[in-house]
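# Breakdown of the fold
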Amino acid sequence: MASKTASKDIITLRGSTAIVSEFFGYAANSILYNRGVYPEESFGRVKKYGLPLLLSQDEGVKTFIANLNTQLSEWLEAGKLQRIVLVIMSKATNEVLERWNFSIETDREVVEKGVSREKSDKEIMREIQAIMRQIASSITYLPCLDEPCIFDVLAYTDKDVAVPFTWTESDPKLIANPQMVKLHSFNTKIHKVDTLVSYKNDEWDEQ
């Protein structure tokens, strides 16, 4: 039994990649739901990370996130992904209202030498749970988005990575004078993910 328990704690590059890409899919869905980018009735309830979460049933969103996760997995496993940013913009003007920034640090030794690391699955789940709870409570610390919005995803990779044909080069879609809220992070011991949300500060418009 002891060896069986220990085997669950071995984290490989492929296993860590799966954890991070899956997390981003659930986090993106949670952001789109909690920030009201898509109507509430277009989401279905699931249980993940010991929490009730919501997944979009919109076919376009499902396909987008599935394709995104496939590409993220490729970059993560190669150690080439530095950051993912989910951007929420005004549908009418394309003005950037929020940037959900997920910075990724990768253990180079694991990528280059194929070694594994050890960390409890439960500990990783608890760390992810804390981030998902913060996303779910974002209405308490972010301004209300009172106009129809759209979203996009930016990926920051190493410079030697070729741009896939389904992606295009993009400007960073920055926000002038943003307010920022740092959220929790999680660490698989191979990939460390730090989360930060920046948003448009309407107070600047009033001055």
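Throughout this document, residue positions are counted from 1 along each chain, in the order its sequence is written. Since the coordinates come from a predicted model, pLDDT governs what is reported: local features require at least 70, and pairs of side-chain atoms require 80 or more to be given and counted, while whole-chain, interface and lining totals use all residues. Working from all heavy atoms in the structure, the side-chain values ignore hydrogens and water.

## Concerning the pairing of strand E5 (residues 96–106)
A simple rule labels every residue: compare its accessible area, found with a 1.4 Å probe on the protein chains alone, to the largest value its type can have, and call it buried under 20%, exposed over 50%, or partly exposed in between. Only runs of H or I of at least four residues qualify as helices and only runs of E of at least two qualify as strands under DSSP, and these elements are numbered from the N terminus. In terms of burial, E5 is a largely internal element, nine of the eleven residues being buried. Only strands joined by at least two bridges in the DSSP assignment are considered to pair. Taken together, the seven bridges between strand E4 (residues 81–90) and E5 define a ladder with antiparallel strand orientation. Across the sheet, the residue bridging to Val87 is Arg99, located in E5. The turn joining E4 and E5, which pair antiparallel and follow one another in sequence, is formed by five residues; a positive phi near 65 degrees is taken by Asn94. When E5 meets strand E9 (residues 191–199), the two strands line up antiparallel, connected through nine bridges. From the neighbouring strand, Trp100 faces E9, where its bridge partner is Val197.

## Here we look at the state of the cysteines
Disulfide: a pair of cysteine sulfur atoms within 2.5 Å of each other. Under the defined criterion, the tally for this structure stands at zero disulfides. Left without a disulfide partner, Cys149 is nearest to the cysteine sulfur of Cys144, which lies 9.4 Å away.

## Thoughts on the environment of Lys192
Topologically, Lys192 is positioned in strand E9. Classification of Lys192 as partly exposed rests on a relative accessible area of 25%. Any pair of residues with heavy atoms lying within 4.5 Å of one another is described as a contacting pair. Non-local contacts of Lys192, meaning those with residues more than four positions away in its chain, are made with Ser103, Ile104, Glu105, Ser185, Phe186 and Asn187. Under the rule applied, a polar contact is a pair of N or O atoms within 3.5 Å (in protein, one hydrogen donor and one hydrogen acceptor; residues adjacent in sequence only if both atoms are side-chain atoms). A polar atom in the side chain of Lys192 sits 2.8 Å from the side chain of Asp194.

Distances and angles like these do not, on their own, reveal function.
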